[in-house]
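Okay, here's what each chain looks like letter by letter:
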Amino acid sequence: MTLPALHNSGVLYRRILSQFPQDISLAFAYGSGVFKQHGTSQGQMEKNMLDFVFAVDDPVTWHTMNLLQNRKHYSILKLLGPTKISSIQNEYGASVYYNTLVPVDDKIIKYGVISTGSLIDDLLHWKTMYIAGRLHKPVKMLVQSENGKLRAALVANLKSAVTASFLMLPESFSEEDLFLQIAGLSYAGDFRMVIGEDKSKVANLVKDNIQHFRILYSNILRDCPQVVYKPQQGKLEVDKSPEGQFVQLMALPRTLQQRITKLVDPPGKNRDVEEVLLQVAQDPDCGSVVQQGISSIVKSSSITQSIKGIATAGLWKTVSYSSKKLTKMWKGWRRKPSVSQMS
């Protein structure tokens with residue numbers, strides 16, 4: 001899963017990581033500061049904030065150490081101590097604790113801390129899809145422990161992204177269509193895509209990183225019995241029969257199956273999940289039911305995590321961070337050609 005970033009940044013990442021407690025089971029960097037996005041110059045990219053996620057086995061110990069090393073990174077919540085910070089991390093939003101707008105080595109960074117157990121749970125079951133969704137897209141892996149459970153969960157998450165996307169795509173489609181669908185999964189239902197994010201974010205992300213997506217997904221596509229994958233032509237054909245769709249629906253993460261069942265099963269019916277999915281497999285709108293199920297997961301976790309972010313970042317940083325996002329969205333709108341220019 002390790003991907004080369006687009007500039008020689010290995011030393012920079014190691015220097016940044018060396019300033020944190022080292023008991024990390026997984027660390028990765030992601031976002032527009034790491035991977036080039038369409039319409040962004042190298043100069044702009046180097047000014048962008050670097051985003052990190054650290055998975056740690058014992059959040060209380062990790063935050064204890066980090067408060068000793070990097071107390072300034074925390075908002076006023078540092079006064080509550082490491083045990084309370086860890087419970088805020090685990091019990092609210094998407095089980096991630098973010099410190100944002102942190103100056104490190106002439107860079108501005110944001111880093112999220114999640115427990116290894118919560119991460120594995122999200123990767124396997126898509127409980128919030130918050131970090132699982134980040135990992136559907138290319139990331140720069142910096143640390144990966146020999147935790148077999150975690151390694152298996154990372155692969156399972158990619159397989160789930162492929163399966164869910166197959167259900168939402170037509171019978172034949174291009175590699176780029178698939179990667180756009182996969183990259184868009186974690187934005188479906190995210191209220192920040194209405195206000196605060198550049199609307200063309202998904203297309204910009206995929207356009208310049210097709211090769212990175214291939215590295216992530218080509219083995220899974222080659223081994224998948226439900227698809228005919230023609231890498232030379234960049235074309236795929238998937239089984240859209242009710243039987244094929246039922247197999248795909250049964251392979252989806254548990255939380256998504258439950259959300260689909262809730263959407264389709266009338267109150268009081270209480271049919272089992274398998275029975276409902278068999279009905280959905282035969283529905284011409286099967287793909288849109290899957291889409292609604294994903295949106296409902298993402299919507300609730302994106303709202304609760306953003307509310308939590310106000311407390312973990314502090315008010316001044318929240319205002320500053322949000323204004324940067326809105327500026328980015330405004331620039332995205334201005335880049336879009338008007339209808340009269342296109343016709």
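Every residue gets a number counted from 1 within its own chain, in the order that chain's sequence is written. Per-residue local features are limited, in this predicted model, to residues with pLDDT of at least 70; the limit for side-chain atom pairs, both in listing and counting, is 80 or more; totals at the level of whole chains, interfaces and linings are taken over all residues. No hydrogens and no water enter the side-chain calculation; it runs on all heavy atoms of the structure.

### Some thoughts on unusual backbone geometry
Test applied: The secondary structure listing takes helices from DSSP runs of H or I that are at least 4 residues long and strands from runs of E that are at least 2 residues long, numbered from the N terminus. Exposure categories follow from relative accessible area, calculated using a 1.4 Å probe and restricted to protein chains: below 20% of the type maximum is buried, above 50% is exposed, and the middle band is partly exposed.
Unusually for a residue other than glycine, Leu101 sits at a positive phi of about 50 degrees. Among the secondary structure elements, Leu101 is positioned in strand β3 (residues 96-104). A residue is classified by how much of its surface remains accessible, and Leu101, at 11% relative accessible area, is buried.

### Quick notes on the layout of surface pockets
The criterion, for reference: Points on a 1 Å grid over protein atoms alone make up a cavity when a 1.4 Å probe fits among them but cannot get out, and a pocket when they form an open set with protein on both sides within 12 Å along at least five of seven lines; lining residues each have an atom within 4 Å of a point. Grid points are joined across faces, edges and corners, and a volume is the space filled by probe spheres set on the points.
Within this model, the second largest pocket holds a volume of roughly 250 Å³. Together, 14 residues line the second largest pocket, and Lys159, Thr163, Cys224, Pro225 and Ala251 are the ones closest to its centre. Going through the elements one at a time, α7 (148-168), α10 (210-223) and α11 (242-250) are the ones with two or more residues in the lining of the second largest pocket.

### Quick notes on the packing of aromatic side chains
Convention followed: Any Phe, Tyr or Trp ring, taking Trp's six-membered ring, that has another such ring centre within 6.5 Å forms a pair; planes under 30 degrees apart are called stacked, those over 60 apart edge-to-face, and the others tilted. Whether a charge sits over a ring depends on NZ of Lys or CZ of Arg being within 6 Å of the ring centre and within 35 degrees of the ring normal.
Inspection of the entire model under this criterion finds 12 aromatic pairs. Centre to centre, the rings of Tyr13 and Phe52 are 6.1 Å apart; their planes meet at 80 degrees, and the pair counts as edge-to-face. Of this pair, Tyr13 sits in helix α1 (residues 10-17) while Phe52 is found in strand β2 (residues 50-56), placing the two residues 39 residues apart along the sequence. The structure contains a cluster of three or more aromatic residues connected by ring pairs, namely Tyr13, Phe20, Phe52, Phe54, Trp62 and Tyr111. The ring of Tyr98 is capped by Lys110, whose NZ or CZ atom sits 5.1 Å from the centre of that ring. The side chain of Arg134 reaches across the aromatic face of Tyr130, ending 4.9 Å from its centre.

### Quick notes on the environment of Val238
Stated precisely, the cut-off is as follows: Contacts are assigned to residue pairs with any non-hydrogen atoms lying within 4.5 Å of each other.
Summarising the element assignment, Val238 is placed in strand β8 (residues 235-238). We classify Val238 as buried; its relative accessible area is 4%. Separated by 11 residues in the primary sequence, Val238 and Val227 place their C-alpha atoms 4.5 Å from one another. Those residues in contact with Val238 that lie beyond four places of it in its chain are Phe166, Pro170, Glu171, Phe173, Gln226, Val227 and Gln248.

### Thoughts on the sheet that holds strand β5 (residues 140-144)
The strands making up a sheet associate through backbone hydrogen bonding, with each pair oriented either parallel or antiparallel. Operational definition: Two strands form a pair only when DSSP identifies at least two bridges running between them. All axes are obtained by fitting lines to C-alpha atoms, using only the stretch in contact for helices, and the reported angles, taken between N-to-C directions, cover 0 to 180 degrees.
In space, the 5 strands of this open sheet follow the order β3-β4-β2-β1-β5, with mixed pairing throughout. Two strands in the sheet have a free side with no partner beyond their single neighbour: β3 and β5. Sheet twist, expressed as the average angle between the axes of neighbouring strands with direction ignored, equals 20 degrees. Judged from the 5 bridges that link them, strand β1 (residues 26-30) and β2 form a sheet pairing that is antiparallel.

### Here's the deal with the nonpolar core
What counts, and what does not: Only buried Ala, Val, Leu, Ile, Met, Phe, Trp, Tyr and Cys residues count toward a nonpolar core, and they belong to the same one when joined by side-chain atoms within 4.5 Å.
Formed by 68 residues in total, the largest nonpolar core has its most connected members in Ile131, Tyr217, Leu249 and Ile294. At 10 residues, the largest contribution of residues to this core is made by α7. Those residues in contact with Leu249, other than ones at most four positions away along the chain, are Leu167, Gln257, Ile260, Leu277, Val280, Ala281, Cys286 and Val290. In this structure, Phe35, Phe52, Trp62 and Leu67 belong to the second largest nonpolar core, which totals 26 residues.

### A word on the pattern of salt bridges
We count it as follows: Salt bridges, as used here, are contacts in which a Lys or Arg side-chain nitrogen is within 4 Å of a carboxyl oxygen on Asp or Glu.
Inspection of the entire model under this criterion finds 7 salt bridges. A salt bridge links Lys127 to Asp121; its shortest N-O distance comes to 4.0 Å. Here Glu237 and Lys230 are joined by a salt bridge, their closest N and O atoms 3.1 Å apart. Among the residues examined, Glu237 registers a relative accessible area of 35% and is labelled partly exposed. By relative accessible area, which is 30% here, Lys230 ends up partly exposed.

### Points about the sheet that holds strand β6 (residues 172-174)
An order of β6-β8-β7 is seen for the 3 strands of this open sheet, with the pairing classed as antiparallel. Edge positions in the sheet fall to β6 and β7 (227-230), since each has one partner strand and no second. Taken pair by pair, the neighbouring strands of this sheet meet at an average axis angle of 20 degrees, ignoring direction. Looking at chain direction, β6 and β8 are connected through 3 bridges and run antiparallel. Opposite Phe173, over in β8, you have Leu236 as the bridge partner.

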